[in-house]
Every structure is written in structure tokens, then in C-alpha cells.
There are 2 protein chains.
Amino acid sequence: MTDATRFFDLPSPFPMKRGGALTGARLAYETWGTLDAARDNAIFILTGLSPSAHAASSAADPSPGWWEEMIGPGKPIDTNRWYVICANTLGSCKGSTGPASIDPATGKVYKLTFPDLTLEDVANSSHELVRSLGIERLACLIGNSMGGMSALGYLVQHPGSVRAHISISTAPTAQPFAIAIRSLQREAIRLDPNWNAGNYDDEHYPEAGMSIARKLGVITYRSSMEWVGRFARIRLDHEARSDDDPFGVEFAVESYLAGHARRFVRNFDPNCYLYLSRASDWFDVGEYAVRESGDVVGAALRRIHIDRALVIGVSTDILFPLTQQQQIADGLRAGGADVEFVPLDSPQGHDAFLVDIKNFGAAIGGFLGGL
Amino acid sequence: MTDATRFFDLPSPFPMKRGGALTGARLAYETWGTLDAARDNAIFILTGLSPSAHAASSAADPSPGWWEEMIGPGKPIDTNRWYVICANTLGSCKGSTGPASIDPATGKVYKLTFPDLTLEDVANSSHELVRSLGIERLACLIGNSMGGMSALGYLVQHPGSVRAHISISTAPTAQPFAIAIRSLQREAIRLDPNWNAGNYDDEHYPEAGMSIARKLGVITYRSSMEWVGRFARIRLDHEARSDDDPFGVEFAVESYLAGHARRFVRNFDPNCYLYLSRASDWFDVGEYAVRESGDVVGAALRRIHIDRALVIGVSTDILFPLTQQQQIADGLRAGGADVEFVPLDSPQGHDAFLVDIKNFGAAIGGFLGGL
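Residues numbered from 1 in each chain as written. Chains lettered and ligands numbered in written order. Predicted model: local features only at pLDDT ≥ 70, side-chain atom pairs only at ≥ 80, totals over all residues.

1. Side note on the sheet that holds strand β8 (residues 83-87) of chain A
Residues and elements named next belong to chain A.
Here's step 1: Pairing is mixed across the open sheet formed by eight strands, whose spatial order is β1-β4-β8-β5-β11-β12-β13-β14. In the strand order of this sheet, the two ends are held by β1 (6-9) and β14 (338-344), each with one partner. Averaged over all adjacent pairs, the angle separating strand axes in this sheet is 20 degrees, with direction ignored.
Here's step 2: Here strand β12 (residues 162-168) runs beside strand β13 (residues 308-314); their pairing, made up of five bridges, is parallel. Following the sheet pairing, Ile-166 is matched in β13 by Leu-310.
Here's step 3: Relative to the sheet, helix α2 (residues 146-157) contacts β5 (42-46), β11 (138-144) and β12, its axis offset from that of β11 by approximately 140 degrees. (Pairing = 2+ DSSP bridges. Helix = DSSP H or I, 4+ residues; strand = E, 2+ residues; numbered from the N terminus. Axes fitted to C-alpha atoms, helices over the stretch in contact; angles between N-to-C directions. Contact = placed C-beta atoms within 7 Å.)

As C-alpha cells, then:
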């Protein structure tokens, strides 16, 4: 949290999809650019599992954001024209209410007493924030990764609230491969004795479990092809190895994963991770189809009516395969949208939207320029 | 071990590539068919990480083997014509000497005092077994997965010992993606407090770590595509779930992984797993190139001179990608072999050679029929 962070108090109680309600919950968010008088130049960004609301730097917080090269004056998401909003996801731990927050009813941290979280709750809380800013209709709703799933939850539940949509490397329904990976990440955390059914503290913290979960994440966020070029079979210097550990880090790729894990484990709350991970498994836009069998995903997507959409995916993404991006593009087109489908060959896999700014920036900037 | 299991005592001491030697070590193996008078109808099979020598049933052991549908009278590897040998890998725990065996020097289980294991040691011990059977030259050497790497180690170290080679879903050098997956599997085992630096027993056994390692294995052995058709978003009945665990098994794919883990964890020794896993990371046929830079893998493969080769890979294999099978085919061809390269579109990923018998059987049976 910095001077750039603002807070929005959700209507209280805020009902949750699978039951229960949150009292006194809030969302942390940041904005860039200026909302015009007609309030029709707003872009909302729904994030992946771990990012904060700090998508880009600003005068109030000059530190680089997680999508720094994408958002700003003259950048693909041009803040000279657009008013850009990004919120920390409901259920996360970067300022918004989640399992690591205090439950006002008890004065204690929620931990596992936090109600079941779904991506529809994420979508609905975001929609409340947008309306609180006096915005009836978003010029564009952008969703990356898990945020792309939340975005479909937003679109299907709030007809007429969005003109254009950018869908990036996401899924209209969680597939078994992604469920399996996330299930294993959760298992690693839960098997760490320090997790202790959610009752850890800073001294007894499930660091080992979080480390395995993060490494598995990084492995599936990148691609085999990129790593061949990047790491090959480079080994660490003997000095950098720990000789007392016969199975310790030896190859550069192992050291790279260890670095990622180190930067993550203490910076993301384990219970929040478990809740958001499970929410991703539960998401299935097919629930919103009128029909109950056959291509329910397509039938649900056809119920979304927007003017235009840009759907981007990456051929090397093993977690959210290109076939799922094609499915979203086809469904939105069947619903009447003018859809641009951009399959990219970026070698960086699922994470390409964070690093292949050249290709993603061109697609996003071009699409927004045409609105 | 059954009546079908035979044992071969390795020359003692048996020197290991990275130093040290084994005293009184042995290999467990099985055979099918009859060695002809000229001793030139022998096929040797090098296995993946976990299989035993029991590749197929026989009169002495009628239980189905791990490649049951592939080996037998009239089957693709036709035991009416071929004398087939399969050994449990050196370093494994299915009858051959490995970290779970007794060290004759101390009378205690080796555990982590077992010397560093490499796939070249696996290859050399197999070569000793073949020669002990009076076979100067194999009609065909077959290697699957890790066994395919061992096979390249065999070919490059023992020129003139093999006429034909079948290489299946393997790697000429361990790539960073595969190293990363294996490193994480080892980390899960080592972080289990019950692993206890290799000093576990049946009462205190690293079951949780082995479970994560196996599940991650199964995830990477199969393919996303297969699971969409097989599991979709099928959920378990409420009765089959454990209600006291908020993040417990809910989807069919999670139950499938749990079943695989249950069948594996107590049936494979954790220390043996660590040794064989690390041996796979270390393998790089490029070490045998005369040149020291550029395409060392290609240069090493060109030094292998055999008559014919069949190289099979699967497009959905994320662990041993098709590009690596192509590399093997190109390298063996450059060495003078008549090479048949068969890229298959089986949806089953890396494990396809175990389950897509229709396509693998046709390729292998056809190749062997032409020898």
C-alpha cells in the first residue's frame, strides 16, 4: 500500500455466490489517467492470481507496476486517452479483503472461516467498484489469466455494462490439466506441517509448501522452448552449490526457480493462495448457459453481448491452451461481437503477456486505438 | 520377484562413472523366447524410471507385465522369433542393486552412501548382462523414456554391440523443463520430514513427498488434451469427499491422481527415486562428442554407427518433446543408420507408449518384421 492506493468499501453485507456474506469488506485499487465528463473512457483490469492493484507507476507511487510497459502516457493502454482502473482481487492479500484480513465479527483473522470464494464474487465486487466511480458502462474490460475468467464472470452477470473486452491467456472453464496443477500446488501447501490447517504465523510459516507451489507455478507459466534457449544445461559454479546436500541445486534452471520461490513465499498469504486457486478450479462459464448439455460453454458465451472483443493467446501456453482462447473468440462472435483473435507464437508460454510487450502491446494498442 | 526373475552378478568391483565402485552388485532380469544357436536374435529393453524387469507374463510368472500387450508370441515384439531380455535398472529397487540394497562392506542399507549413479552405469551394467548371456551383438536395443537415454549411453560407449535400435519418447540430453520437473519432485520428497536425509523406515516414511512427486509425474506423463475428454469437469459424489477438508479432493482428475499416488508411494523406494531422477538430469550424450562447442549432441549421435533405427515420439509429450526425437533421428541418420522417424499424434502424451499399443505396436512390429 502506498499513496497511490485507494480503498472502496463494498456494500455491507456483500453476498457471496456459494453462501454467506462479507461485512465491512473493501477493495484496494489504483487509477491512472482522467475520467472524462461523459464517464465513457474507463478501462478496468482484472488480474491474475497474485498481482496487486499496482499495475503501473504514477506520481503517487513511482515504483514500477506489474504491467509497467503496457500502461501509461503513449503506451499501448494510453492513459492520455483512457482512465484505467486496477483492483487487488477480492480474496487476495494486497489491501483487499481476504482470508488474511480481520473478520469484524470476531476481531480475528478470517483464515479458513472466510466464506467460499468464487471468481463471480471477484467479478461482482469489481462491478460494485466501477459503479461507485459513476461509470455505467466500461469502454473496455481487460482480463489476464485468472482475471480473464473473472472477466467472463463479469460479462455474463452484468449485461450492458461493458462495450469492449480484451481476453488474454485465460479459460472459459477450468480444464482438468489446470485443475490438476493447482490441486498439487494446494496439496504442497497443506502438507507443510507449518500450514497447520491455516493457523500459521510468521515464526511457523509454510515456507516449504509455498516454495513448491510457486515453483510449479513458474514451470507451468513458462515454456519448455524458452528454457532451452535460456538455460540449456548451464550449471552453477561449484562455490554456489551446497556440498552437504547431495540433491541440492546444481543447474541454472533450478537456481532460477529457487529465486522465484524466494521472492514469493513471504509476499503472498498461503490461505489467500488456497482460496484463489480453488476459485479458479470452480469457474465454469457453462453454468450460465440456458441449455444443460452439449456445448454449454459456447451457449453461455453466446449470451454475452458486447460490441467488440480482442482475444489473445499463446501457442506455448500449457496451462491455458490456445484452443480455449479460440473457444472464447468463437463464443463472443456468436454473441454478436466483432472479434479479433490473435494467436501468438511467443516462446514465453502463459506469462508472455507480462514479458512479450512487443507483440501483446501491438495487439492491445491497436485494438484500443480502433475503439 | 517371482519364479521368472533371474539374477546376474555384475563383475566385482563394478566401477561407476562418477567415481567409486559397487561390490557384489547384481541385476534382476527376465527373458522371453529362445536364444537361437547363432545368438543373434536378442532384443534388450531398457526401461523408464520405475518399471521392474517384468515387462510381460510368462509361464513362470503369469501376472501381466508393464508392456504386456507388446511382448509375446505373435505380438509386436514377437517372442516366437526374438529372445527378449528386460532388466530392472541398476539403482532401482525391484531386485537390482541400488540405494535400498545392503552394502556388503557394512552390512547396512546403502541409503545415501550409494555412489553417484549415472545412466552410463545403467548402460554398462546392462551391457555386462548381455555379454554374460553369450550375446556379442544385440539384434535390437529398445529404450523407452529414461531407458531411451540409457540406450544412447549404451550405443555411444559400446560400438559394434547393436545392429538396430528403437528409441521411444526420450531425450539425447536432459532439457531444462524436464530438469525443473524432476528437481521439484526431488524437492517434495526431501522436504518431507519423514525423508530424514534418507533415513526413513516403514513407520516413518516420506509418503506425502512421494505422493506429490508421483502426482507431478503423472501430470507430465499425460496430456491436457486427453484429460479434457476423459475427466472434463466431472466431480466426485458428495459421499466420496471428505467434508472436514475444505481443500480436499473434489474433481475426478484429483481422485485419479490420488489413486496413482496411492499405488506408487509404498512400491518404490524414495532414495532410489532420487538417484534415478538425478541420473536423468545428468545425462547428456553431448559429452561423447569429439568437438566441444556448437551442436555437440548432433556430433555425439553421429559417432553411433548402427544398421537401422526406429525413432518414435508423440506430439503431446511435454516432458520429452518431439523436437528431441527428431534430433535423435537426424543424428543417427548422420551416423549412417537407415532411420525411420515416426511422430505420433497420440493424445496420451509421454505415456502413450504404454497405452497406445495400436500405433506403437504397428510401428515396432513393422520395424522388427523388416529386420
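2. Here we look at helix α11 (residues 357-369) of chain A
Residue and element names in this part refer to chain A.
Here's step 1: Considered for burial, the residues of α11 that qualify are Phe-360, Ala-363, Ile-364, Phe-367 and Leu-368. One face of α11 carries all of its buried residues, which in axial projection span an arc of 120 degrees. For α11, the exposed residues set more than 90 degrees away from the buried face come down to Lys-358 and Gly-369.
Here's step 2: Tucked inside the fold, the buried residues of α11 contact β7 (77-78), β11, β12, β13, β14 and α10 (352-355). (Buried ≥ 20, exposed ≤ 12 C-beta atoms within 10 Å, placed from the backbone. Arc of directions from axis to C-beta.)

3. Regarding the sheet that holds strand β12 (residues 162-168) of chain B
Residues and elements named next belong to chain B.
Here's step 1: Within the open sheet, the eight strands sit side by side as β1-β4-β8-β5-β11-β12-β13-β14. Their pairing is mixed. Looking at the sheet topology across the chains shown, the edges are occupied by β1 (6-9) and β14 (338-344). Here the average twist between neighbouring strands, direction ignored, is 20 degrees.

4. Looking at the nonpolar core
Here's step 1: Ile-43, Val-84 and Leu-138 of chain A together with Ile-43, Val-84 and Leu-138 of chain B are the most contacted members of the largest nonpolar core, which totals 235 residues.
Here's step 2: Discounting chain neighbours no more than four positions away, the residues touching Leu-138 of chain A are Ala-42, Ile-43, Phe-44, Val-130, Ser-161, Val-162 and Arg-163 of chain A. (Core = buried A, V, L, I, M, F, W, Y, C linked by C-beta atoms within 7 Å.)

5. Looking at the relation of the copies chain A and chain B
Here's step 1: Of the transformation superimposing chain A on chain B, the axial component is 0.0 Å and the angular component is 180 degrees, with the fit at an RMSD of 0.0 Å. Given the turn and translation reported, the copies of this chain are related as if by a two-fold rotation axis.
Here's step 2: When the interface residues of chain A are mapped onto chain B, 100% of them again lie at the interface, so the same face is used by both copies. (Least-squares fit on C-alpha atoms with pLDDT ≥ 70 in both.)

6. Notes on the pairing of β8 of chain A
Residue and element names in this part refer to chain A.
Here's step 1: Among the five residues that make up β8, five are buried, leaving the element largely enclosed by the rest of the structure.
Here's step 2: Taken together, the four bridges between β5 and β8 define a ladder with parallel strand orientation. Residue pairing across strands places Ile-45 opposite Cys-86, the latter belonging to β8.

7. Section: the interface of chain A and chain B
Here's step 1: Listed by partner, the interface residues are 39 residues for chain A and 40 residues for chain B.
Here's step 2: Secondary structure elements with two or more residues in the side of chain A that touches chain B: α3 (176-191), α4 (207-221), α5 (224-230), α6 (252-265) and α7 (270-282) of chain A.
Here's step 3: In terms of residue count, the dominant contributor to the side of chain A that touches chain B is α3 of chain A (12 residues).
Here's step 4: Of the residues contributing to the side of chain A that touches chain B, the split by class is 26 nonpolar, four polar and nine charged. (Nonpolar A, V, L, I, M, F, W, Y, C, P; charged D, E, K, R; others polar.)

8. Quick look at helix α4 (residues 207-221) of chain B
Here's step 1: Helix length check: α4 of chain B, at 15 residues, gives a terminal C-alpha distance of 21 Å against a target of 21 Å (1.5 Å per residue), a fit within 8%.
Here's step 2: Within α4 of chain B, 13 of the 15 residues are buried, which leaves it mostly tucked inside the rest of the structure. (Expected span 1.5 Å × (residues − 1).)

9. Let's talk about the domain arrangement of chain A
Residues and elements named next belong to chain A.
Here's step 1: You can read the domains of chain A as domain 1 (6-174 + 285-369) and domain 2 (178-277).
Here's step 2: The straight-line distance from the C-alpha centre of domain 1 to that of domain 2 is 26 Å.
Here's step 3: With 23 residues of domain 1 in contact, the opposing surface of domain 2 contributes 19 residues.
Here's step 4: Its residues assigned to classes, the side of domain 1 that touches domain 2 shows 12 nonpolar, nine polar and two charged. (Domains from an automatic or database assignment.)

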